[in-house]
Amino acid sequence: MIPVSLEKFNCFSLAKLISVSLLLLVKLLLCQDLWANSSSALVTPVERSMPRILDLSLATHPEWLAMLYYKPTNVRGRPNGQLSYRSQVVSSAFFLSGQGSESPEAELAATYKLLLRLDEGAPEAQRQVCRFPLRLTWLAKQLGVGSVLNIETDCPMLAEWSKEISAHSVSLIFPSSYMNNPSSMFGHTLLRIDPHPNSGSVNFLSYAINFGAITSGEVLSARYIYKGLTGGYPGRFSLLPYHKKIKDYGKIENRDIWEYELDFTQQEVERMLLHLWEVGDNDFEYYFSTQNCAFRILELLDIARPSLALATDYPGQVIPADTLRSLIDREMVLSVHYRPSTFTSLKSEMDKLNADERQLVELISQDLDFTQDQRYLSLNLNRQAKVLDAAFRFRRYQDIDQPRSRGKATQALALLSKLNSLGVTVSPTYLKLPRQPHSGHETSRISVGWDEFDSSGGGFLEFKPNYHDLLDDPDGYPFGSQIDFFSTQLRWQEGAGIELQEFDMFDIRSFAPRDSFFKHNSWRIRLGIEHHRRFDGQPYVTFFEGGGGLAHQWRSRDLFYALATGRLEYNESYQQNLSPLVGFEFGYLYYAARGALQFEASAWEVLTADDYRTNLGLNYNYNVYKNQSIRLALLRINDTHVSAWHSRMTWLVYF
Amino acid sequence: MQKRFIRSSLIGVTLLATPMMATAVAPGGPNCGWGNMLFEGSSGLGPHLGASLVNGSTYNSLVGMTLGTNGCSVEGKLTYGGQNLLKSAAFMDDVAHDIAKGEGEALDALMVLIGVETVDRPLFRQVAKANFDKLFPSADVTAEEMLRTLGEVLKSDETLAQYAA
């Protein structure tokens, strides 16, 4: 066996290797080891495996590349046309080799060297092995050298860690967006590791694995957002008790949580955990839209079962809700559990109460003396308990962001004591499951159609990479929220050719219904460029507009909104290039089973000129299929200079 | 019994370590103590437009977390055992609410940590409910006091006495 491996290191092959300069040193080290070993007559299985390691094809094995987060770089750095790689882990501590972050081969060689040292029984090798147990056992398995590591006896820290987490199964956790914050509409994903169901534990006590940017407590600012979006912060995995996530999302931010139990074997989950142990506190690159939480979670699941190849679905942007679809497509979801937020469950409890009871909830939440009210006393014990429970929860919902006050705490405890004294059990009300986040339309959209302005018609094309507007089918999306990025509209007209009609950098709306219990505000914000046919001269206007107001809901599927608005416009042909506008708008939306109807009216006054603008619009969106719809829009424009009809009919495809 | 104690202590210490940064604090130090009272406020609300865009987070170490090295020293788990779960601010509120309404996830978690067998859990809920006013005599009751009382309450019940460590 040894002569064979020596042959690999004859002068010819060494000369060839000199060209691959990064590898040379590592190989020479291996070579020295080999010489040292060759004097001994004993040949271990690890040594016998040397020919396989030296051809280095293992270094580009997909599993090796995945475990170390190597991605091919576009630079053609290798003379023989091989791909070159770079790891997305930035911490050098993640690698055994000094060149590890850029060379899968060097890292493989270093790992093999460690295997050899371990084989010799070197004590420092023993310590290092426990840092990288998965890589090492993987390599040993590939080389067919059998078991090299007994975690129980060799790595007590790791053994204790694994035992504590006691991984049996894994769930993907998807906190949906929260009210009045459309930016959270993209969602977030994390994992929960559960122990064996027979352990008697509850998933409240399970561990969660989260990937996020490490912002070191920096306060929210434009710089913070810029850094976060452009890779200025490192990303890291963290492990934390799941109940903390329930508290953050469900109780403080009021986001409903979806829990998807995944079909992994215990062995696969343990494999993933060993990998996480290797990853430890090392820093990754972090980019908001590509190398984000959802992407890293998919990579983890790929480590658990490499054949899934989930990450390959996402060469570009990764939207958390989309990753759910990938798992569902691969039939990886065993069961779905819905955990409503404090707000959702309180609202659904309230909806189950009658008007008298609702009023009692409001009164009792403020003053326990209202339990002497005749209307309360006439209720049976179970209804009384429902009212008290809702009153307590309403209080806590209102007070959650307030500093503790002794008076308030005493009142809240008195409410609980009163509830306790009724001696009945209050079980949660049955909640009709909302549509799951993955069940909605796909997130990119293209529209084609016909556009007619003041009786001159033309072709119309729109592309919007993401995400959801108010007329799109709301199933699976948060109600009353819109978040659109980079929407681009083109118009073709005979004679005029193709013109940019509109470009929206972003167009975000959050219309949250307000009632006597939940006093939400509504707002919108938009930045873009639009083509104005309203005057001569330079037709493009750059604008930034926003508004604030209120929304109200009469039935479960309608929405009325009214906002005061403001706008800044820039156009070179204006008397003053920058013009401020103020105005208002109101509208009504109705969602039927297959379509949405919107009526909208708005008015603007240009502050620096004697100009006004009014728009009256009627829009209808009909969902032909989940990912196709037809949209009709009719707009009446009345301005100081122009009065015209603008109509459009488009066919929309979501993908 | 001892195994159960170790298991619950371990979980306890991780619950304890939850809301803290990586600052080493002696057992019972300001961050590891359980002088928290009912209905403490929670920070972190507000329109985190940027926060959720960046998905920024304060950090819990992946590895140190469970070994009790993140925030509280390892001795902490031996000193306080599984009792420290109530350190987490909202947890005691939830337990109080669950006891009053007769069931709930936080109460279940408390029973798991104390090591209450599944068959004894309905009884535990009953006994806790019957002693609500004793466990929470005022809103200023600390987690520590509440647990001490709970221990006494359990001791006085024939079946549950085994869990009053």
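This text goes with the structure placed above it.
Cut-offs applied
- Residues numbered from 1 in each chain as written.
- Chains lettered and ligands numbered in written order.
- Predicted model: local features only at pLDDT ≥ 70, side-chain atom pairs only at ≥ 80, totals over all residues.
- Heavy atoms only, no water.
- Helix = DSSP H or I, 4+ residues; strand = E, 2+ residues; numbered from the N terminus.
- Buried < 20%, exposed > 50% of the residue type's maximum accessible area, 1.4 Å probe, protein only.
- Contact = heavy atoms within 4.5 Å.
- Areas by Shrake-Rupley, 256 points an atom, 1.4 Å probe, with all protein chains shown as cover.
- Phe/Tyr/Trp six-rings, centres within 6.5 Å; stacked < 30°, edge-to-face > 60°.
- Lys NZ or Arg CZ within 6 Å of the ring centre and 35° of its normal.
- Axes fitted to C-alpha atoms, helices over the stretch in contact; angles between N-to-C directions.
- Parallel < 35°, antiparallel > 145°, perpendicular 65-115°, else oblique.
- Left-handed = near helix turned anticlockwise from the far one by under 90°.
- Nonpolar A, V, L, I, M, F, W, Y, C, P; charged D, E, K, R; others polar.
- Pairing = 2+ DSSP bridges.
- Disulfide = S-S within 2.5 Å.
- Core = buried A, V, L, I, M, F, W, Y, C linked by side-chain atoms within 4.5 Å.
- Salt bridge = Lys/Arg side-chain N within 4 Å of Asp/Glu carboxyl O.

## Focus: the overall build of chain A
Phase 1: Check the secondary structure of chain A and you find 21 helices and 21 strands.
Phase 2: Every one of the 655 residues in chain A was classed for burial, and the buried ones make up 53%.
Phase 3: Within chain A, residue pairs in contact and separated by at least 24 positions form 63% of the contacts whose partners lie at least 6 positions apart.

## Considering the overall build of chain B
Phase 1: Of the regular secondary structure elements, chain B holds eight helices and one strand.
Phase 2: Starting at the N terminus and walking to the C terminus, you meet the elements of chain B as α-α-β-α-α-α-α-α-α.
Phase 3: The buried share of chain B, taken over its 165 residues, is 60%.
Phase 4: Of the accessible surface of chain B, which amounts to about 6500 Å², a share of 56% is contributed by carbon and sulfur atoms.

## Looking at the packing of aromatic side chains
Residue and element names in this part refer to chain A.
Phase 1: Under the criterion given, the structure shown has 27 aromatic pairs over all chains.
Phase 2: What links up through ring pairs into an aromatic cluster is the set Tyr69, Tyr70, Phe94, Phe95, Phe211, Phe237, Phe284 and Tyr286.
Phase 3: Over the ring of phenylalanine 94 we find arginine 135; its NZ or CZ atom is 4.5 Å from the centre of that ring.
Phase 4: The aromatic ring of tyrosine 242 is capped on one face by arginine 192, whose charged end is 5.0 Å from the ring centroid.

## Examining the packing of helix H20 (residues 381–399) of chain A against helix H21 (residues 406–421) of chain A
All names here are of chain A.
Phase 1: In the contact formed by H20 and H21, the axes pass within 9 Å of each other and the chain directions differ by 160°. In this view, H20 runs roughly antiparallel relative to H21, as classed from their interaxial angle. Note that H20 runs across H21; the crossing there is left-handed. Contacts between H20 and H21 involve Ala385, Leu388, Asp389, Ala391, Phe392, Arg395 and Asp399 from the former and Lys408, Gln411, Ala412, Leu415, Leu416, Lys418 and Leu419 from the latter.
Phase 2: Residues belonging to the contact of H20 with H21 are distributed by class as follows: eight nonpolar, one polar and five charged.

## Overview of the pairing of strand E10 (residues 456–464) of chain A
Residue and element names in this part refer to chain A.
Phase 1: Sheet topology places strand E9 (residues 445–453) next to E10; nine bridges connect them, and they run antiparallel. Residue pairing across strands places valine 448 opposite leucine 461, the latter belonging to E10.
Phase 2: A loop of two residues connects E9 with E10, the two strands running antiparallel in sequence, and aspartate 454 in this loop sits at a positive phi of about 50°.
Phase 3: Of the strand pairs in this sheet, E10 and strand E12 (residues 481–493) are connected by five bridges, and their pairing is antiparallel. Bridge assignment links phenylalanine 460 to a residue of E12, and that residue is arginine 491.

## A word on the state of the cysteines
The bond known as a disulfide is covalent and runs between the sulfur atoms of two cysteines.
Residue and element names in this part refer to chain A.
Phase 1: Summed over the entire model, instances satisfying the criterion amount to one disulfide over all chains.
Phase 2: Between the sulfur of cysteine 130 and that of cysteine 155 lies a disulfide, 2.0 Å long from S to S. As the torsion about the S-S bond is roughly -80°, the cysteine 130-cysteine 155 disulfide counts as left-handed. Taken as a pair, cysteine 130 in the loop between helix H8 (123–129) and helix H9 (133–142) and cysteine 155 in the loop between helix H10 (151–154) and helix H11 (156–165) lie far apart in primary sequence, 25 residues in all. Accessibility classification places cysteine 130 together with cysteine 155 in one group, the buried group.

## A short note on the environment of Thr215(A)
Phase 1: Inspection of the secondary structure puts Thr215(A) in the loop between strand E5 (207–214) and helix H12 (222–229).
Phase 2: Each C-alpha atom, one on Thr215(A) and one on Lys227(A), is 9.4 Å from the other, the two residues being twelve residues apart in sequence.

## Quick notes on the packing of H9(A) against helix H14 (residues 266–279) of chain A
Residues and elements named next belong to chain A.
Phase 1: Across the interface, H9 lies against H14 with an axial gap of 7 Å and an inter-helix angle of 125°. With respect to their mutual orientation, H9 and H14 come out oblique. Of H14, the residues touching H9 (which contributes Pro133, Leu134 and Arg135) are Arg271, Leu274, His275, Trp277 and Glu278.

## Looking at the nonpolar core
Phase 1: If you look at the biggest cluster of nonpolar residues, it comprises 91 residues, and the most contacted ones within it are Leu191(A), Ile193(A), Ile209(A), Phe237(A), Phe264(A) and Leu301(A).
Phase 2: In terms of residue count, helix H15 (residues 293–304) of chain A provides more of this core than any other element does, nine residues in total.
Phase 3: Not counting the four nearest positions on each side in its chain, Phe264(A) is found in contact with Val170(A), Val269(A), Leu301(A), Ala304(A), Arg305(A), Leu308(A) and Met332(A).
Phase 4: Formed by 72 residues, the second largest nonpolar core is a distinct cluster that contains Ala412(A), Ala100(B), Leu110(B) and Leu154(B).

## Some words on the pattern of salt bridges
All names here are of chain A.
Phase 1: Per the counting criterion, the structure on display carries 55 salt bridges over all chains.
Phase 2: A salt bridge links arginine 325 to aspartate 322; the nearest nitrogen and oxygen atoms lie 2.4 Å apart. With arginine 325 and aspartate 322 both in helix H16 (residues 320–329) and three residues apart, the pair spans about one turn of that helix. Taken individually, arginine 325 and aspartate 322 each receive the classification buried, so the pair is uniform in this respect.

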